[in-house]
Structures are given as structure tokens and as C-alpha cells.
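Summary of structural features
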Protein chains: 2
Amino acid sequence: MPTYTPPTKDLQFVLHDVLKVTEADTPGYADLEPEFTGAILEEAGKLTSEVLAPLNVTGDKEGCRLENGVVYTPAGFKEAFEKVKEGGWPGLDMPEQYGGQNMPAVIGSAVGEMFSASNMAFTMYQGLTHGAASAILAHGTDAQKDKYLPKMVSCEWTGTMNLTEPHCGTDLGLMRTKAVPQDDGSYKITGQKIFISSGEHDMADNIIHLVLAKIEGGPEGIKGVSLFIVPKFNVEEDGAIGSRNSVAVGSIEDKMGIHGNSTCVMNYDEATGYLLGEEHKGMRAMFTMMNEARLGVGMQGLAQAEVAYQNALTYAHDRLQGRAVTGAEAPDKPADPLIVHPDIRRSLMDQKSFAEGARAFILWGATMIDAAHRSGDKDADGLVSLLTPVIKGFLTDVGYDMTVKAQQIYGGHGYIEEWGMSQFTRDARIAMIYEGANGIQALDLVGRKLAQDGGKHVMAFFDLVKSFAKENAGQDEAFDKEFIEPLKAASKDLQAAGMYFMQNGMKNPNNALAGSTDFMHLFGHVCLGLMWAKMGLAAREALANDPSDATFYETKLATGRYYMARQLPATALHLTRIQSGADTVMALDAANF
Amino acid sequence: MPTYTPPTKDLQFVLHDVLKVTEADTPGYADLEPEFTGAILEEAGKLTSEVLAPLNVTGDKEGCRLENGVVYTPAGFKEAFEKVKEGGWPGLDMPEQYGGQNMPAVIGSAVGEMFSASNMAFTMYQGLTHGAASAILAHGTDAQKDKYLPKMVSCEWTGTMNLTEPHCGTDLGLMRTKAVPQDDGSYKITGQKIFISSGEHDMADNIIHLVLAKIEGGPEGIKGVSLFIVPKFNVEEDGAIGSRNSVAVGSIEDKMGIHGNSTCVMNYDEATGYLLGEEHKGMRAMFTMMNEARLGVGMQGLAQAEVAYQNALTYAHDRLQGRAVTGAEAPDKPADPLIVHPDIRRSLMDQKSFAEGARAFILWGATMIDAAHRSGDKDADGLVSLLTPVIKGFLTDVGYDMTVKAQQIYGGHGYIEEWGMSQFTRDARIAMIYEGANGIQALDLVGRKLAQDGGKHVMAFFDLVKSFAKENAGQDEAFDKEFIEPLKAASKDLQAAGMYFMQNGMKNPNNALAGSTDFMHLFGHVCLGLMWAKMGLAAREALANDPSDATFYETKLATGRYYMARQLPATALHLTRIQSGADTVMALDAANF
């Protein structure tokens, strides 16, 4: 059975050594002293490793069960959810006004990684609730906020997002779910939604569905879509639970993974719904959830890679096989452990350097969200908007690959469900698909985000890398060669790719879009390269200031060197592909495939 | 439900336009006229697409069931297996003396791809039997051959390979299964074997297990391993089925995929076994099976990629989503089909260009096997020995990635088991692991095969690429630029990598082994690049000779151009990684990970 060790020390390293959160002038950041964040991370680590992680394999095996309209979650989930609620974890970064603790997003993200890593399917119940609550917070009336948020912030009630229909997912303009206005200001919602995570279950007293539908007589296509609050049980004026609404689970899907989460077909049959935000502006409201969800999904890529890596590492230490090519390292044993072999090392270093780089990337992104939300920093808002598809698409594509590498370390045992390594890949697989498949992330990045606000944010990103390189070059020859120079080369590749799009995308937009996925990966590598340069720098500083924990910081430097030497050079390949343009990609008539 | 369309035209193209099999002087090849091979492929295509493919999803869902020591295969498997036997397919390339049809391996491979693609779990029952029969054919006494082969060639009896034990797989020197010599010349075999594909089932009258074990008192480690024939039912002198041998299935594994194949824990409790080949030379005998199996596993990588691609293509034509960025292509429909989008095209072209390149690679490899076996061509034998780990490791790594890409085209539906796309990835995943995990293939390539016979075979490969490029350059500027030049560049990268190993592997073997997986992939790309150059050339010739089927050949050229422009440049990244050496890979103490 796999285990999970909360990476609290690594999280603290990023928060304090790298991001230096207490020095930022974002409101609330001054309070984030290492002792304080350490205590939170320890507590969250305990809960996730001791309560949630042991339910991961059993939740996968048992799955959810639909009987007479009731969905039963796997054994132990309900009790664990009670513990999560008791600890106040769902409201960690929600406003105090609604019962939350008003922590910054950077703390929510650090804690969130541990939740996702320990039990992804379980954590989705509260994750979706968080997203739905955020949408109500951003677009609801005061009355709606007062009615729903206190119960959602505590997870007494959970939330869902209802977008997809059988014939449309990405292209929501095709949706058929209808909303008919009623005299009392409410709407009757009718239609079928599919792939609804946490759509129905037995762990909450009520479920607040956020449902996209078209108001009758509204504009065609995506411009006629509105967002509605559709509670499973109607809520009385005094907040008490009232009559059952006419929304029901039709079936639960048989999926490749995340078996512990109930993915439902939801049927709305003149269900009572309440407009959230403005008529026909549903997509805007939904994007509040979606952007938050995309960052959360990127984190799932990291989280599954991290927990899979931890278990692969344990196995590589324990399993005896062959001898080191340079001479026996455990001569007293019948064979050396797997970890002596260079190809096993390569795989472990790929995983380790990715997970640590991705962690820094996500927490750095969270500091920008905090700066945007708490300080109204428009530049930070623009930058995180640019990086959202990179965080979602790159971290889930690569995170998935890393779970496959971790599984590979186990050989045949990795293929047997009992060992749990297959589950990490099966669970991680969905993260590449939901909240906008990764091809859509790449399209969003290249087709929208690059040019947003006149290309201001991507220029800001280039400047940021440039200044970083400039400020930190020339102090140490080795650091220049190992960190600064590779980062500059990778960033140059990214700029060349951007330039190619500018010069060739105008005359034929296919020239940009044929390179979109490569560009997203190129961008992701540059971000992780930047993170590793920042981490390397922080490690050097820490070593200079206090050599008592030298091994930890030297390990950071060594891991960074690996990323720079072995992973970052992928930027050149992505650039080559991008610069080959659309000709070979679009050459065939569709009929000739 | 996914479907399978046998790629008979593509197979014929490789056999006749590219490999020109009838012109080769390998015995039996002169008979392989297009009409003849076409008839075989049509028949095999019919059986695989109409009988085996429909059982793929149901076999996955139902799985195998163990009850009171009996393993029941999924519904329909038994009837389908009867049809396969009736058609004589298991003996297609086996000697006539034992009931086979004596076809060359190249035909066996072409047919084998269709079997694997239509139903991988099912096809393993006959695949393992073929491997076991080949080992008996190569190493058995005449009496053993007469006793077992006729029934195995027809698949009335099936076969297995028993290598792995709970504590050892790759490192078989650690094995504990014992063989005790008996007075009658037989042995008593005692031990436990795991991961035994087709270990027990209800589709054959007898199962012939080939079991590795250590004869008591023999040398330590791998040099004390011998191979034994252990039939499920003892076979009488007259060939009749006798008493039950004391070998029994202990359990069947709960696996990520290939649910339709019974992967068994097998317990041998003083079971009667018969030495196959020489005492303590078991590994050599087992490698006859293993090398054949490795080529078959490489084919599984191609086969799953092919069938997944076919279904992704269908979905890309059918699913409506968004509009082409260059203007609506289906203005009469509410949206354009997925296939108009450049990023979808990119993914489909990745899949298509891989599958077609891999097919040529495997069939080319099979012609070398035929040359080695039928003409005693030692150079061909050496070359295919060199390429075996590339075929196994590269084609299964990339083949798996391609099934993931195919699944991605389906968006959320790809994650739902009902659509069958998840199964292709889950089934393909095992091919990276069994018959030597891909890291072991890379080790075999770099640590053994490169230097085999003084490096003669890798030099022959370089010469082959060089002569091909020289002979075919200068006729057509576009062809030079699109095919010949990229091939030469990639081959140069491969030579540079080999040179790096020579110069740096001597002083520290880790410098070679840290680059082994990258080298295997680099090599694989050069092979596929060579295949595409050969296919491109064949397509040009065909277009010049007979323009009646121009679309087919122009599509080949366009697909080749894609591979050359978008996939082959990966060689440079692999070379960069290889040349970064072992320093960053091996920097950490094992304790500091």
C-alpha cells in the first residue's frame, strides 16, 4: 500500500527561502512567519497522511455506488470528511464573514497540494465546493451569499459545476439546457448535464449545483448562456433545508480513475434555479470558478507526481536487483538496491526536479493571485492570467508522465493494482482533460493570453526573467553556467517562438495554433527553469548564512542542476517544431487521413 | 464501442512497395506475391475485426475469474479461440513438420499486428504459446518436439513462460525455485512464479509451462538456472493426456489492463519437469523465447497505437466543436468537426506518422529475422539483435504515449470506460514493462548490443543509413531537403552519441548508462526516420510508375514530411541529454533524495 509523507520542509523552503512571503507587502503576508505557516502545514500534513492517504487505494477499489437515487461514497470517506470539516480546512482561505479563516491563497495552495496528493478523488468534494463558493462570492447578491456561503465554506453543503452536456463540452455555445423565467424571479431549469464531479453523494446535507443554461428567447450560442444556483434541497428563508428540488442523478460514470469521486449524469426537470450574476453573462461567472479550478487542477498534476515519486523512491531503496556497474554498493546483500542504477536515477531525478519546480511555480502563482485580490495589483492579475493555462496544461501533462515514470520503477508490480502505482496514473490522467482539455489550454495561451492587453503580460514575463538573470549573473561562475545561462537560452527560445507567431500567425493563424501545445510546454519549461534558478539562488544564500542544514540546500542545488542540464533543453525542440509551422500539420485533406 | 479496421493496404505497401519482398533471395520470399499476401491479410483482417475486436471491451470489463482452481476466460473467448485454431493462424510461421504453414516471419508479423490491435489480451494466449513452441523447437530433443509441438502449433495446448518470482524479475540470479533430479531423468520442480500470462485458463486441453529453476547443487546465481518443460497434465508416451501434474494457479492478479488475459501466480509443488536444453543453460534457452517475445511486445506498442488512432480519427471527424480559425468548414452544421483544428491535427499526425513508421520498422526487422533463420545471414542476425531492444523499448514507450494522445482527442469521454479509449492506454502500458522493462532494454542496447562483435552491427547500421542517403540524394531537391537531410542530421546525432559513450563510458560507465534511455529513443527515431525516407522513396516511385492511386502515395509523402519535420528533430534533445553525462544524474547520495 502506498504511503504519503507531507513535504512540509520543501513547502517552507519555497514560502520562506524562495518567495520570502513575510517581506511582501500583500495584506496578510506579514503574519506568515515560519512558525505560523509551519504549524498549519504540520497539522494539514498529519490529517492528509494519516486520515486521507489510507483511504486512497480503498476508495479506488470500492468506488461510488448508486442505489435508488442515492450515491454512497467509499467506506471511511464520510468520517474523514467530518474530520476535514472539524479542522476548518475547507474555509482556510475563505472570508471570515462567512466562517472562513481568511488566509492568503498561497497558504491555501500549500495545504491544497497535500490534500490532492494524499487523496485526489476525496479532495475533489471540497475542491468543487470551494470553486462554487468563490463564484457565489464574486457574482452573488448579498442575500445569496448569506444564504449559501456559510454552509459551503464549512462544507456542510457541497458544490458542483454543471457545464458539459453529452454533445458538448468545450463548445458550450451548443448547449441545450433551458431556463424558463418564473413570476417569482426564479427559473425552471430543464436539461441533462454529464461528467458532474461530486454531483450526488452522502457526505453533505445539501448540494449547491451551479448550472449553465440558456434562458428562453436569449441570444444564440455562447452569448445566451446564464449561470444558475440550483440547490438539491430548496433552502427556506431562515436557512433551513426545505423541499427536494427536481434535480436527480441519472447514473454514475465508470471511469479510468478517481473512482472515489462520484462523477454523475445529472438530470434537471423543471428544477428551481436562481440566476447567479447577470442574464446571458454566465460564462463570465463560470470563469471565476474555472480559473480557480484550473490552478487547482495544475496542482493535481504536481500532487500525483509527488506522491507517486515518493513511493517510487521507497521502492528504489528497497528492491534489490543487479549490481552497480561501478562495483557492488551493498556487498552484504544478494544484490544492490535499484537506486544504484543510473537509469533509475535519471527517472527519479526527472520526477524529483519536476515536483519541486512545479511546487515553486504553483506557490509563486498563488502569490500573484493574492497580490491581485488583496492589493488590487493589476500586473500580477495579468501575469497569473497568462500563466494559468501553463500551470494547468504543462503541469498536468508532465505530472502525468511523471506518474508513469514512477510506476515504471516498480516493474511488473507497478501494473498490479494492489501496489497502488497504477492508481496514481489513472487518477492523474483526468487532470489533462477536465476544466478545459490541455489542447484548449494551449489555444487559450496562444490564441488569447499572449495578445491580452496588447501583449503586455508576456512582455512583463520576459522582462522578469531578463532582470532576474541580470541581477544574479556574475557573482559565481559556476552558478552562471549551471543556472543563469541555461535559463537565458531557454527564455530566448520562448521569445523566438513568440516572434515566430507574430510574424507568421498574422498571415495564417494555423501557423500559431499548430505550435500551441509546443509553446505551452516551452513556456512551462522556462517557468520551471526560472523557479529552479530562484531556488538555486535561495539555496546558495541559505548555505552562506547558515551551514547547519547544508545537505538540504546542497541537494536543492544538485536537483536544480539536473533540471537545467536534462530537462530545460527541451525548449529547443519545442522551438524547432513551432518554427516548422503549419504546413506539414495541415497538409492532408481531412478525408485522406 | 471502438472498432478496428485492418490496415491491409498499408501492410501491402510496406511488404511490396517498400521492402519488395518478392525480390529478396530469402527462401520462401519469392512466393510472396501481392495477390497471395493480400489474400492472407484479408482473411486475417476479417477474423480480427469481426471476431476478436468485438470481444476487446467486453473482455476488459468482465476479466478472468478464478473459481476452485479453474480460471474462466471472458465470455466469447473460447469460441473465438476455436475459430483462430480452425483458421490455422497459430501455426502460420511454424514448420510444416509440426503442422504449421512455414510462412516467413514477415508474414507472421503482418498478421500478428492485426491480432494484437484487435484484442491484445486475447492474442497473448497464442502469442505465449508461439514463444514456448519456438523455445522447444530451438532447444528440445526430437522426442520433446514430437511430443509437444504438434499440439502447441495448433494451439490445442497453450504455452507459458515462468521467470518472475515475488522478489525477483529482472535479476533472475536471485531465483529460488528448485529442481531436484529424479532417477528417471525427470526433475521435481518446487517454487512460486508470479505474473504468468495465460498461466491457467479454460481454452486448451493442456498447458505447457516453461519454467526456470535452479538444479540443486548447481552454480550460484544466473549460471545455475535451467529451463524445464512442466505440463499441466502429464503427457503419455502415445501423446494422450495423463495425470494432473502438481502445478496449480494460486491466484489471478488484479491488473491495470489486459484483463482478458489471466495473469497468474503459479505454485509448483514437486511438479514433474523435463529439462529443456542443457543443465544450467536455462537463460540461453529462455532468450529464444524472450527475443521473439520482445519483438512481439514492440508490435503491441504499434498495434495499440494504431487501433487507438483509428478510433480517435473517427471521433475527430464526428464530434462537432468550435469553428476552424480560418473560417467555418461545415457552415451547415452547428459547429465544425474536431479535425479542422490545428492542435487536433498535430496529435493525429503524431499518431499516424508513428504507427506507419513503426509498422515499416517491425516488418523490416522481420525480414532480417527471416534472412538470419532461412539464409543463415549472420549480418542480418547481428543487426536484428542490435535493434531488438529499440523495437521493444522505443515502440512501446512511444506507442503508449500515442494511445494517451488518442484518448485525449475524446476529451471527457476518453476517461469513461464505456468508450474504450482508456483500455487502449491501460493495455498498452504493460508493454513498457514486461519482457524486460524498457530501462533494461536501454541497458541491453548500450551495455551489450553496441559493443557486440566489436561494434560491428552498429557500424553496419550507420553504413546502411549512409549508403541509403548517398544513393538517393541529388535526384530531387525537395526530397533531399524534406527526407534525406533530416535523416542525415539525425543519424549524425546518433553517431555523436555513440562517440560520446566511447570516449566517456570507459572512464566512467555511468556516463553511458545515464544516457541509455535517451540513446534508445534517439536510435528509435533514426530508425523511423530511415523507414519514412524509404517509404517516401517508394511513394515517389509508385507515383512515377502509376498515378492511378496518387492520393494514397501523396498521403504517404505528406505523413513522412510531418515525421521528418516534427518528430525526428527529437534526436538533438536526446543527444544534448546524453552529452550532459552522469554528473547531474548521479550527484546525490542515495540517502539525500
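The structure presented is a predicted model; accordingly, all values stated were derived computationally and were not measured. (Residues numbered from 1 in each chain as written. Chains lettered and ligands numbered in written order. Predicted model: local features only at pLDDT ≥ 70, side-chain atom pairs only at ≥ 80, totals over all residues. Heavy atoms only, no water.)

**Focus on the overall build of chain A**
- A tally of helices and strands in chain A yields 19 helices and 11 strands.
- Taking 25 Å as the expected radius of gyration for a compact globule of 593 residues, we find that chain A reaches 24 Å, a close match to that expectation.
- When the backbone C-alpha atoms are referred to their principal axes, chain A occupies close to 80 × 60 × 55 Å.
- Here chain A holds 593 residues, and the buried ones make up 64% of them.
- A separation of at least 24 residues holds for 74% of the contacts in chain A among residues at least 6 apart in sequence.
- Between the averaged position of the 51 positive side-chain charges in chain A and that of its 76 negative side-chain charges there is a distance of 4 Å. (Helix = DSSP H or I, 4+ residues; strand = E, 2+ residues; numbered from the N terminus. Rg over C-alpha atoms; globule rule 2.2 N^0.38 Å. Buried < 20%, exposed > 50% of the residue type's maximum accessible area, 1.4 Å probe, protein only. Contact = heavy atoms within 4.5 Å. Lys, Arg positive; Asp, Glu negative; His and termini not counted. Charge placed at Lys NZ, Arg CZ, Asp CG, Glu CD.)

**Quick word on the packing of aromatic side chains**
- All chains considered together, the criterion is met by 35 aromatic pairs over all chains.
- Aromatic side chains phenylalanine 461 of chain A and phenylalanine 462 of chain A sit 6.4 Å apart centroid to centroid with 65 degrees between the ring planes, which places their arrangement in the edge-to-face category. For the residue pair phenylalanine 461 of chain A and phenylalanine 462 of chain A, the accessibility class agrees, reading buried in each case.
- The rings of Phe461, Phe462, Tyr500, Phe501, Phe519 and Phe523 of chain A are connected pair by pair, giving a single aromatic cluster.
- Lying over the aromatic face of tyrosine 274 of chain B, lysine 147 of chain B brings its terminal NZ or CZ to 5.9 Å of the ring centre.
- The lysine or arginine in question, arginine 540 of chain B, covers the ring of phenylalanine 479 of chain B, its NZ or CZ lying 5.1 Å from the ring centre. (Phe/Tyr/Trp six-rings, centres within 6.5 Å; stacked < 30°, edge-to-face > 60°. Lys NZ or Arg CZ within 6 Å of the ring centre and 35° of its normal.)

**What about the packing of helix α14 (residues 477–505) of chain B against helix α16 (residues 516–545) of chain B?**
All names here are of chain B.
- It is at 9 Å that the axes of α14 and α16 come closest, and there the two elements cross at 155 degrees. The orientation of α14 relative to α16 falls into the category roughly antiparallel. Once α14 is placed against α16, the crossing between them reads as left-handed. From α14, Phe479, Phe483, Leu487, Ala490, Ser491, Asp493, Leu494, Ala497, Gly498 and Phe501 reach across to α16, where they touch Phe519, Leu522, Phe523, Val526, Gly529, Leu530, Trp532, Ala533, Gly536, Leu537 and Arg540.
- Its residues assigned to classes, the contact of α14 with α16 shows 15 nonpolar, four polar and two charged. (Axes fitted to C-alpha atoms, helices over the stretch in contact; angles between N-to-C directions. Parallel < 35°, antiparallel > 145°, perpendicular 65-115°, else oblique. Left-handed = near helix turned anticlockwise from the far one by under 90°. Nonpolar A, V, L, I, M, F, W, Y, C, P; charged D, E, K, R; others polar.)

**Describing the side chain of lysine 449 of chain B**
- With respect to the helices and strands, lysine 449 of chain B occurs in helix α12 (residues 438–449).
- For lysine 449 of chain B, the residues in contact, after removing those within four places along its chain, are Ser385, Leu386, Pro389 and Asp444 of chain B.

**Things to note about the relation of the copies chain A and chain B**
- Of the transformation placing chain A onto chain B, the axial shift is 0.0 Å and the rotation is 180 degrees, giving an RMSD of 0.0 Å. As the rotation angle and translation indicate, the two copies are arranged about a two-fold axis. Within chain A, leucine 573 of chain A has its C-alpha nearest the rotation axis, a separation of 3.2 Å.
- Comparing contact sets, 100% of the residues at the interface of chain A also lie at the interface in chain B, consistent with an isologous, same-surface contact. (Least-squares fit on C-alpha atoms with pLDDT ≥ 70 in both.)

**Some remarks on the pairing of strand β5 (residues 187–197) of chain A**
All names here are of chain A.
- Most of β5 sits out of view: eight of its 11 residues are buried.
- As consecutive antiparallel partners, strand β4 (residues 178–181) and β5 are separated by five residues, and within that stretch glycine 185 has a phi angle of approximately 90 degrees, a positive value.
- Bridging between β5 and strand β11 (residues 263–275) involves eight bridges; their strand directions are antiparallel. Bridge pairing links isoleucine 189 to alanine 271 in β11. (Pairing = 2+ DSSP bridges.)

**Structural notes on the environment of threonine 555 of chain B**
- Its place among the elements puts threonine 555 of chain B in helix α17 (residues 550–567).
- Between the C-alpha atom of threonine 555 of chain B and that of alanine 539 of chain B, which follows or precedes it by 16 residues, the distance is 9.0 Å.
- Once you skip the residues sitting within four places of it in the chain, threonine 555 of chain B turns out to touch Leu588 and Asn592 of chain A together with Lys352 of chain B.

**Observations concerning the interface of chain A and chain B**
- Contacts between the two partners involve 91 residues from chain A and, on the opposite side, 91 residues from chain B.
- Buried surface at the junction of chain A and chain B, summed over both partners, amounts to about 7,600 Å²; 61% is from carbon and sulfur atoms.
- Of all residues in chain A, the largest losses of buried area upon contact with chain B belong to Tyr415, Arg566 and Phe593 of chain A, amounting jointly to 13% of the total for that side.
- On inspection of chain A and its partner chain B, the count reaches four salt bridges.
- Here aspartate 254 of chain B and lysine 61 of chain A are joined by a salt bridge, their closest N and O atoms 3.2 Å apart. (Buried area = accessible area lost by both parts, 1.4 Å probe. Salt bridge = Lys/Arg side-chain N within 4 Å of Asp/Glu carboxyl O.)

**Describing the environment of alanine 514 of chain A**
- Within the fold, alanine 514 of chain A resides in the loop between α15 (510–513) and α16 (516–545).
- We classify alanine 514 of chain A as buried; its relative accessible area is 0%.
- When the C-alpha positions of alanine 514 of chain A and threonine 158 of chain A are compared, they lie 40 Å apart, and in sequence the two are 356 residues distant.
- Discounting residues that sit within four places of it in the chain, alanine 514 of chain A has contacts with Gly581, Ala582 and Val585 of chain A together with Pro342, Arg346 and Arg566 of chain B.

**Side note on the domain arrangement of chain A**
All names here are of chain A.
- As assigned here, chain A comprises domain 1 (8–138), domain 2 (157–280) and domain 3 (452–582).
- Look at where the C-alpha atoms of domain 1 and domain 3 centre, and you get two points 30 Å apart.
- Domain 1 puts six residues into the contact, and the matching count from domain 3 is nine residues.
- Between domain 1 and domain 3, a total of about 680 Å² is buried, with carbon and sulfur atoms accounting for 66% of that surface.
- Broken down residue by residue, the surface that domain 1 buries against domain 3 is led by Lys9, Phe13 and Val18, which jointly contribute 63%.
- Summed over the shared surface of domain 1 and domain 3, the number is three salt bridges.
- Its salt-bridge partner being lysine 20, residue glutamate 541 comes within 3.2 Å of it at the nearest N-O pair.
- Here domain 1 is connected to domain 3 by four residue pairs in polar contact (both at pLDDT 80 or more).
- Of the residues assigned to the side of domain 1 that touches domain 3, the class counts are two nonpolar, no polar and four charged. (Domains from an automatic or database assignment. Polar contact = N/O pair within 3.5 Å; in protein donor to acceptor, adjacent residues only side chain to side chain.)

**Things to note about empty space enclosed by the protein**
- The full count for this structure, using the stated rule, is five cavities of 30 Å³ or more.
- Taken as a whole, the largest cavity encloses approximately 80 Å³ of empty space.
- As for the largest cavity, its lining consists of 13 residues, of which Pro2, Ala53, Asn56, Ser118 and Phe424 of chain A are closest to the centre.
- Sorting the residues of the lining of the largest cavity by element identifies α3 (54–62), α5 (105–118) and α8 (282–318) of chain A as the ones contributing at least two each.
- Here the element with the most residues in the lining of the largest cavity is α3 of chain A; it accounts for three residues.
- Class assignment of the residues belonging to the lining of the largest cavity gives a composition of nine nonpolar, four polar and no charged.
- Here the second largest cavity defines a volume of roughly 70 Å³.
- What lines the second largest cavity is Met1, Pro2, Thr3, Tyr4, Ala53, Asn56, Val57, Ala117, Ser118, Val307 and Phe424 of chain B.
- Sorting the residues of the lining of the second largest cavity by element identifies α3 (54–62) and α5 (105–118) of chain B as the ones contributing at least two each.
- Residues belonging to the lining of the second largest cavity are distributed by class as follows: eight nonpolar, three polar and no charged. (1 Å grid on protein atoms, 1.4 Å probe; cavity = no way out; pocket = protein on both sides within 12 Å on 5 of 7 lines; lining within 4 Å. Points joined across faces, edges and corners; volume = space filled by probe spheres on them.)

**Observations concerning helix α13 (residues 456–472) of chain A**
- The terminal C-alpha atoms of α13 of chain A lie 24 Å apart, and with 17 residues this matches the ideal 24 Å at 1.5 Å per residue to within 8%.
- Against α9 (342–375), α10 (378–409), α14 (477–505) and α16 of chain A lie the buried residues of α13 of chain A. (Expected span 1.5 Å × (residues − 1).)

**Overview of the pairing of strand β9 (residues 241–244) of chain B**
Residue and element names in this part refer to chain B.
- Across two bridges, the pairing between strand β8 (residues 233–235) and β9 is antiparallel. What sits directly across from valine 235, in β9, is isoleucine 241.
- Counted along the chain from β8 to the antiparallel partner β9, the turn is five residues long, and its residue glycine 239 has a positive phi close to 90 degrees.

**Examining unusual backbone geometry**
- Even without glycine at this site, histidine 280 of chain A takes up a positive phi of about 65 degrees.
- Structurally, the position occupied by histidine 280 of chain A is in the loop between β11 and α8.
- Looking at histidine 280 of chain A, the relative accessible area reads 24%, which means it is partly exposed.
- Backbone geometry at glutamate 435 of chain B places phi at a positive 55 degrees, although glycine is not the residue there.
- Tracing the backbone shows glutamate 435 of chain B in the loop between α11 (421–431) and α12.
- The buried category is assigned to glutamate 435 of chain B, whose relative accessible area is 17%.

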